[in-house]
Amino acid sequence: MNRNTLFFIILSFLALNSFSQNGQSIEELKRLVKEQANDSTKVNALIEISSQLFRSQPDSSMVYSNEAIELATSIDFKKGLAYAYKNMGLGHYVKGEFSDVLIYWEKSLAIFQEIDDETGISNLLNNLGAVYQTKGDDPKALDYFIRSVKIAEKINDSSRVGTAYLNIGTVYSNEETTYQDAFESFNKAKTIFSNMGYDEGVGAAAINIAELNLKNGDPEAALPYLNEALDAYTRSGNSLSHTYNYMGKAYKDLKSYGLAKEYHLKAIEAADLNDAKLEKTKALISLGEVLIEQEAYAEAVTNFKEGLKLTEVTGVYRDKKDAYEGLSKAYSGLKDYRNAYNYQQLFAAVSDTIRNDSYEESISNMRFQYDLENKEREIKLLNIDNELKQTQIERTTASKRLLYAIAALFLAMTGGIFLRFRFIQKSNARLAKERNKSESILLNILPKETAEELKAQGFIKAKYFKEVTVLFTDFKEFSLVAEEIPAEELVQSLDYFFKKFDLITEKHNLEKIKTIGDAYMCAGGLPTQNSTHTENALLAALEILEFVKETQQNPPNGIYPFKVRIGINTGPVVAGVVGNKKFQYDIWGNTVNIAARMESNSEPGKINVSENTYQHLKNKYNFTYRGKITAKNEQLLNMYYAEEKIGEKT
């Protein structure tokens, strides 16, 4: 996914609360610099000038930043030096010179840490994360963003919180599986910026939401957000290059190639005004993609090569990858298959550079930790909500008691003792019925032990389980089947299989966790720990396999005979309940990830287990070793097909 190149700059400049020059113009500030002695006030004025210039005149901005650096160094004004280094980095960022950006911002961060300036630390962590993300290092970027948002929340700095949420969203938007997390982060940021009246922040959030809609294949949904971004950036005086570029992308997806080309050319022109190499690179590549659709292959080659040349300055691997891919397609259109093949090879090589085997593992681990902390906060909020509800219940109960007392007195006075008795009897029956219904609903959402904890204590704590066994299933070629059979038959089929899976998991003392599409997840050894969870999971898997085979041989009317594959892993997890309105019991940890890997590397009609699970059951069941797979942290994982119990025959 292309990055919104302005996403991190919002709020990362002019964060000079102690350096404000009361809204003075550049000319007034320049006069102040001439007349002022060499002191901190002069440093602040130089920094303010560079802040006002860096978007439109980055080279001039860096001249003033450099002067501020020299003066702040000579008078030992550390805070001024930190901001001067930061502004020097901003100038290089606009020009797309990211190696220089890192040098200056690392220096700025070090000084902020030395003087214990938490606002500056949060700011620079956020900015550095943005650079690493732009260069394609998402795991490192997410680490910086999360550290930034923690400090911002601690010091109640709304601007930093909004910026961090925006940047976290851009990391989540790189994977389809985390699009929902991205939308939530972007909308949080947009709300914060709207409340602040911060147009530049609103524009950045809007353009990221638009970009995500484009990734989802919905250009119509993207256009209102792009228009909102254009309005916001126009009000704030920002460059419109990036927004124009995404307008072009939206119209390309709508097959309005003339409009698309027009907006990409506007984007290139706007980028040239500010010598914004990164924005120009993206606009050139996007224009090349439109030209391919128009079958103007030679012109497309020219634009892709110009964009590729700029990546030598910016060092952005994702842009390089897009340029290589575009050149491969363009040369193929020209029937120059030698060049098409060469660029395809370069595309594959740079794709591997961007994402190695440790990429998803790194993202997953950091997201797990960040989400777990958020879930703990959600649970605390849930506890507070439960306490409020309990107070309301007590008040309601007191009111009811008073009402019953008055009613009893009235009935006694009128001699209606029998009627009173019948009334209480019926009320108790209704209350019991409603209570049983509520408990049934609660037990359908939460494990029994967890539901009891909620009722007894009013809250649920996240728990660490040293060892559980996680089982995953999914159906072969489900997506293809879903496109071929009627929706009613598809839902009916899933319901048929999952109801039986529910019975099997309950029979073998497993806890159903959730279903996601055609995937079914359950676990043994929680919420009540036991020593038989590994064998329980395998027995359930064998029974599921047998049930699916029987259905294939004799499918009921209206039921599609899916083939199932199963994966099992054993290890530690964290379990808990999240949500304020809709409870959900869930588990997290690498054990879950490996169980999913076992399932995805299984075959239809097979049970694929990990080394951990195999070690628990190798003396009781037959297994067939089937080799290793590489985990996302480059660890090699052994896999085994589980078969019948030793001494039995299938």
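None of the values given here were measured: they were computed from a predicted structure.

Rules behind the numbers
- Residues numbered from 1 in each chain as written.
- Predicted model: local features only at pLDDT ≥ 70, side-chain atom pairs only at ≥ 80, totals over all residues.
- Heavy atoms only, no water.
- Helix = DSSP H or I, 4+ residues; strand = E, 2+ residues; numbered from the N terminus.
- Contact = heavy atoms within 4.5 Å.
- Areas by Shrake-Rupley, 256 points an atom, 1.4 Å probe, with all protein chains shown as cover.
- Core = buried A, V, L, I, M, F, W, Y, C linked by side-chain atoms within 4.5 Å.
- Buried < 20%, exposed > 50% of the residue type's maximum accessible area, 1.4 Å probe, protein only.
- Salt bridge = Lys/Arg side-chain N within 4 Å of Asp/Glu carboxyl O.
- Polar contact = N/O pair within 3.5 Å; in protein donor to acceptor, adjacent residues only side chain to side chain.
- pLDDT = per-residue confidence, 0-100.
- Phe/Tyr/Trp six-rings, centres within 6.5 Å; stacked < 30°, edge-to-face > 60°.
- Lys NZ or Arg CZ within 6 Å of the ring centre and 35° of its normal.
- Expected span 1.5 Å × (residues − 1).

Helix and strand counts for the protein stand at 25 helices and 8 strands. Across the protein, contacts joining residues at least 24 apart in sequence account for 66% of those joining residues at least 6 apart. Split by element, the accessible area of the protein, about 31,000 Å² in all, is 50% carbon and sulfur.

Our focus in this paragraph is the nonpolar core. One finds W105 and L226 to be the most contacted residues of the largest nonpolar core, which totals 114 residues. Excluding anything up to four places from it in sequence, L226 contacts I207, A210, T243, Y246, M247 and A250. If you look at the next biggest cluster of nonpolar residues, it comprises 35 residues, including L471, A537, A541 and V609.

What follows deals with the pattern of salt bridges. According to the stated counting rule, one finds 21 salt bridges in the structure shown. Where D272 meets K280, a salt bridge forms, and the shortest distance between an N and an O atom there is 3.0 Å. When its relative accessible area of 17% is taken as the criterion, K280 is described as buried. Of the charged contacts in the structure, one is a salt bridge between K280 and E306, with a shortest N-O distance of 3.6 Å. One end of the pair, K280, is in helix α14 (residues 277-293); the other, E306, is in helix α15 (residues 297-314), with 26 residues separating them in the sequence. For E306, a relative accessible area of 36% puts it in the partly exposed group. Within this structure, D76, K78 and E114 form a network of salt bridges that share partners.

Here S610 is to be found in strand β6 (residues 607-610). If near-sequence neighbours (up to four positions away) are discounted, S610 is found in contact with I568, N569, T570, I594, M598, N638 and Y640.

Our focus in this paragraph is the side chain of S493. Inspection of the secondary structure puts S493 in helix α22 (residues 487-507). Overall, S493 belongs to the buried group, its relative accessible area being 0%. Here the side chain of S493 touches Y560 through a polar contact of 2.9 Å, landing on its backbone nitrogen. For S493, the contacting residues outside a window of four places in its chain are G558, I559, Y560 and F562.

On to the confidence of the model for the protein. Averaged over all residues, the pLDDT of the protein equals 80, while 77% of them reach at least 70. Of all helices and strands in the protein, the one with the weakest mean pLDDT is helix α18 (residues 359-413) (48), whereas β6 scores best (95). Counting interchain partners and residues more than four positions distant, the pLDDT-below-50 stretch residues 1-20 has 100 contacts. This stretch, residues 356-386, has a pLDDT under 50; its non-local contacts, to residues over four places away or in other chains, come to 68 contacts.

The subject of this paragraph is the packing of aromatic side chains. Under the counting rule described, the total for this entry stands at 27 aromatic pairs. Centroid distance Y132 to Y144: 5.5 Å. Interplanar angle 10°. Geometry classified as stacked. Note that Y132 is positioned in helix α6 (residues 118-134) and Y144 in helix α7 (residues 138-154), a separation of 12 residues in sequence. Considering the side-chain rings of Y251 and Y263, the 5.7 Å spacing of their centres and the 5° angle between planes classify their relative orientation as stacked. One end of the pair, Y251, is in helix α12 (residues 241-253); the other, Y263, is in helix α13 (residues 257-273), and 12 residues separate them in sequence. On the basis of relative accessible area, Y263 is assigned to the buried category, the value being 14%. Above the face of the Y144 ring, R147 is positioned so that its terminal group lies 5.1 Å from the ring centre. Its guanidinium or amino end placed over the ring of Y246, K249 lies 5.6 Å from that ring's centre, counting from NZ or CZ.

Below, the discussion takes up unusual backbone geometry. Glycine aside, residues mostly have negative phi angles, and peptide bonds mostly take the trans form. Following L526, the chain continues to P527 via a peptide bond in cis, the omega torsion being -5°. Turning to its location among the elements, P527 is positioned in the loop between β3 (519-524) and α23 (533-553). Of note in the backbone geometry, E477 takes a positive phi value of approximately 55° without being a glycine. Among the structural elements, E477 can be located in the loop between β1 (463-475) and α21 (478-484). Among the residues examined, E477 registers a relative accessible area of 48% and is labelled partly exposed.

Further remarks concern helix α16 (residues 317-333). With 17 residues, α16 extends 24 Å between its outermost C-alpha atoms, agreeing within 8% with the 24 Å of an ideal straight helix rising 1.5 Å per residue. Within α16, 12 of the 17 residues are buried, which leaves it mostly tucked inside the rest of the structure. What α16 keeps buried is the set R318, D319, K320, K321, D322, A323, Y324, G326, L327, S328, A330 and Y331. Just beyond α16, the residue with positive phi is K335, at close to 65°.

To continue, consider helix α10 (residues 199-215). Taking 1.5 Å of rise per residue, the 17 residues of α10 would be expected to cover 24 Å, and the 24 Å separating its terminal C-alpha atoms lies within 8% of that figure. Of all the 17 residues making up α10, 15 are buried; the element is thus mostly covered by neighbouring parts of the structure. Just downstream of α10 lies G217, where phi reads positive at about 80°.

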